[in-house]
Amino acid sequence: MRWAKRDAEAFLTEHPLPSEPMPAPDPAPYLAALAAATTTAHASAITQHLLDAAQPALHAVSDILAAIARWDDRHRNAEPGTPPKMLMEAASRSLSVLGLADAADLALLRAEYDPAPPPPPAKKRAASNLPPTPPSTPPAGPAPGR
């Protein structure tokens with residue numbers, strides 16, 4: 001690793017990259033709103049605003065990881081578990097965070113606003129002194145031919 005860092009020094013001088021982290025959304029407004037939330041709709045609104053705020057950064061990270069994986073066409077014939085395939089998987093997973101959180105939010109809203117209908121009540125037999133009807137018997141004799 002030390003040698004790779006040394007070998008990249010001249011390159012990074014010609015192509016400087018930011019040394020500070022990418023800007024992240026400020027969590028304070030989301031956490032304050034969450035502390036005040038009293039309904040599923042409130043929590044959903046917070047979730048959707050957070051996902052909208054995080055989406056551009058996650059897409060940028062995904063795009064960069066995919067570009068690194070594709071560099072020099074190393075991904076084309078790469079076997080599963082190799083660095084290019086791992087980078088492509090990381091790119092995909094960085095976006096799956098958005099999909100998973102959105103699916104969870106939608107499931108919560110459906111459970112709150114569109115619950116499954118209750119099962120139908122069991123049929124009650126009219127009280128009578130008659131015995132239950134026997135099950136139907138199969139027809140006797142040979143089965144009809146074709």
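Residues numbered from 1 in each chain as written. Predicted model: local features only at pLDDT ≥ 70, side-chain atom pairs only at ≥ 80, totals over all residues. Heavy atoms only, no water.

*Asks:* Hey, could you run me through the packing of helix H2 (residues 27-36) against helix H3 (residues 40-70) in this one?
*Replies:* Angle between the axes and distance between the axes: these two values describe a pair of packed helices. Orientation of H2 relative to H3, taken along the N-to-C sense of each, is 170°, at an axis distance of 10 Å. When the interaxial angle is binned, H2 and H3 end up roughly antiparallel. Residues Tyr 30, Ala 33 and Leu 34 of H2 form the contact with H3, whose own contacting residues are Ile 46, His 49, Leu 50 and Ala 53. (Axes fitted to C-alpha atoms, helices over the stretch in contact; angles between N-to-C directions. Helix = DSSP H or I, 4+ residues; strand = E, 2+ residues; numbered from the N terminus. Parallel < 35°, antiparallel > 145°, perpendicular 65-115°, else oblique. Contact = heavy atoms within 4.5 Å.)

*Asks:* How should the side chain of Asp 105 be read in this particular structure?
*Replies:* If you trace the backbone, Asp 105 turns up in helix H4 (residues 83-113). For the buried Asp 105, no salt bridge exists, and the shortest N-O distance to an oppositely charged side chain is 11 Å, to Arg 110. Of the polar contacts made by the side chain of Asp 105, one reaches the side chain of Ser 44; its length is 2.8 Å. Excluding anything up to four places from it in sequence, Asp 105 contacts Ser 44, Thr 47 and Gln 48. (Buried < 20%, exposed > 50% of the residue type's maximum accessible area, 1.4 Å probe, protein only. Lys, Arg positive; Asp, Glu negative; His and termini not counted. Salt bridge = Lys/Arg side-chain N within 4 Å of Asp/Glu carboxyl O. Polar contact = N/O pair within 3.5 Å; in protein donor to acceptor, adjacent residues only side chain to side chain.)

*Asks:* Please explain the packing of H3 against H4 as it appears in this structure.
*Replies:* Between H3 and H4, whose axes approach to 8 Å, the crossing angle comes to 165°. Compared by their axis directions, H3 and H4 come out roughly antiparallel. Handedness of the crossing formed by H3 with H4: left-handed. Across the contact of H3 with H4, the residue classes tally to 19 nonpolar, eight polar and four charged. (Left-handed = near helix turned anticlockwise from the far one by under 90°. Nonpolar A, V, L, I, M, F, W, Y, C, P; charged D, E, K, R; others polar.)

*Asks:* What should I look at first to understand helix H1 (residues 2-14) in this one?
*Replies:* The periodicity of an α-helix, 3.6 residues per turn, causes residues three or four places apart in sequence to face the same way. Along H1, the helix axis deviates most sharply at Ala 8, where the bend reaches about 40°. In terms of burial, H1 is largely open, as just zero of its 13 residues are buried. (Bend = angle between axes of the 7 residues up to and from the residue.)

*Asks:* Can you help me understand the environment of Asp 105 in this one?
*Replies:* Judged by its relative accessible area of 7%, Asp 105 is buried. It is 9.6 Å that separates the C-alpha atoms of Asp 105 and Ala 41, two residues lying 64 residues apart in sequence.

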